Amino acid sequence: MRRALVAGNWKMNKTIEDGRKLARDVAQGIAQENPSGVDVLLGPPYLALTAVAETVSGSAIGVAGQNCSHHPDGAYTGEVSVSMLRDAGATHVILGHSERRELMGEGDGLIARKAAAASAGGLTPIICLGEPFTTRKAGKTLEHIAHQIEHSIQGAFTSPPPGGFIVAYEPVWAIGTGLTATPEQAQEAHAFIRERLEDIFGLECAQETRILYGGSVKPDNAADLFAGPDIDGGLIGGASLNGGDFLEIIRAARTDSAST
Ligand code: PGA
């Protein structure tokens, strides 16, 4: 059975000290409530990674980078490698976020190379995909997702990697906009992603791979979104910046995993 996962993507927010405080708040909330059945990740900016990893060490909370280079080391000004992320305490890395695809021009081929490097270097990649609004309006959502799976996941792995990978379905039009996919739209996309994973990597991989929903998940809509049988938790942006809201969303995932 898949464990629920709630991952916070802090994006370019929080100083080192603010990050430490937020991580402490989340860790204390989790220690008090002990929400079994839910894994939790925090995704601070690079500079706060070590401080956050130190703050949550000894708790069940893991730490994720928001990006990485596919190069192991060398003359790549401004880049951060997989081994550097691990050295800072990360266990996971978010890749192919739509902000990196759209604002930094990252394509599926590059994302696949990063996913392969992350996995080979001992980080679990969280590979993001999802359709822009025009694609959904044109009725081409599933086609778009299939293309991204083929090029950014199948392009990275010929067989399921030993540490596995996580997929985040994030409709671009729902990210940071306050709009969310309906639970039905989200479940349809997630079920489709799982089917495609089964076609490519087999039943076991499809059944074990966690597929997160992302895009304006908030305390008041999280439970409905997580109720879908193929929705294994969330990748949370804005609401992960507030400890109380993030803990509420973790509670929603716990309630859902307890009921399934
Ligand atoms: P949001 O961001 O929750 O602020 O919409 C989600 C994401 O970008 O991962």
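The structure displayed is predicted, hence computed values, not measured ones. In every chain, residue numbers begin from 1 and rise along the written sequence. With pLDDT at 70 or above as the cut-off, local features in this predicted model cover only qualifying residues; side-chain atom pairs require 80 or more to be listed or tallied, and sums for whole chains, interfaces and linings still use all residues. The basis for every side-chain value is the complete set of heavy atoms in the structure, and neither hydrogens nor water enter the calculation.

Regarding the environment of S81
Reasoning step 1: Along the chain, S81 falls in the loop between β3 (61-65) and α3 (82-88).
Reasoning step 2: Relative accessible area serves as the criterion here: at 6%, S81 is assigned to the buried category.
Reasoning step 3: Sequence separation between S81 and F157 is 76 residues, and the spatial gap between their C-alpha atoms is 19 Å.
Reasoning step 4: Polar side-chain contacts of S81 include one of 3.3 Å to the side chain of S83. The helix count covers DSSP runs of H or I at least four residues long, the strand count covers runs of E at least two residues long, and both are numbered beginning at the N terminus. When accessible area is computed with a 1.4 Å probe and restricted to protein chains, residues below 20% of their type maximum are described as buried, those above 50% as exposed, and intermediate ones as partly exposed. Side-chain atoms alone can form a polar contact between residues adjacent in sequence; in general such a contact is a pair of N or O atoms within 3.5 Å, and within protein one must be able to donate a hydrogen while the other accepts it.

Here's the deal with the environment of T77
Reasoning step 1: Tracing the sequence through the fold places T77 in the loop between β3 and α3.
Reasoning step 2: Linking T77 and L95, residues 18 residues apart in sequence, is a C-alpha distance of 19 Å.

Section: the packing of aromatic side chains
Reasoning step 1: The rule is short: rings of Phe, Tyr and Trp, with Trp giving its six-membered ring, pair when the centres are within 6.5 Å, and they are stacked under 30 degrees, edge-to-face over 60, tilted in between. Tallying each qualifying case throughout the model produces four aromatic pairs.
Reasoning step 2: Between F157 and F165, the ring centres sit 5.6 Å apart and the planes meet at 15°, which makes this aromatic pair stacked. F165 shares its class with F157; the two are buried.
Reasoning step 3: Taken together, the aromatic side chains of F157, F165 and F201 make up a single cluster linked through ring pairs.

Take it as geometry only, folks, not as evidence of what the structure does.
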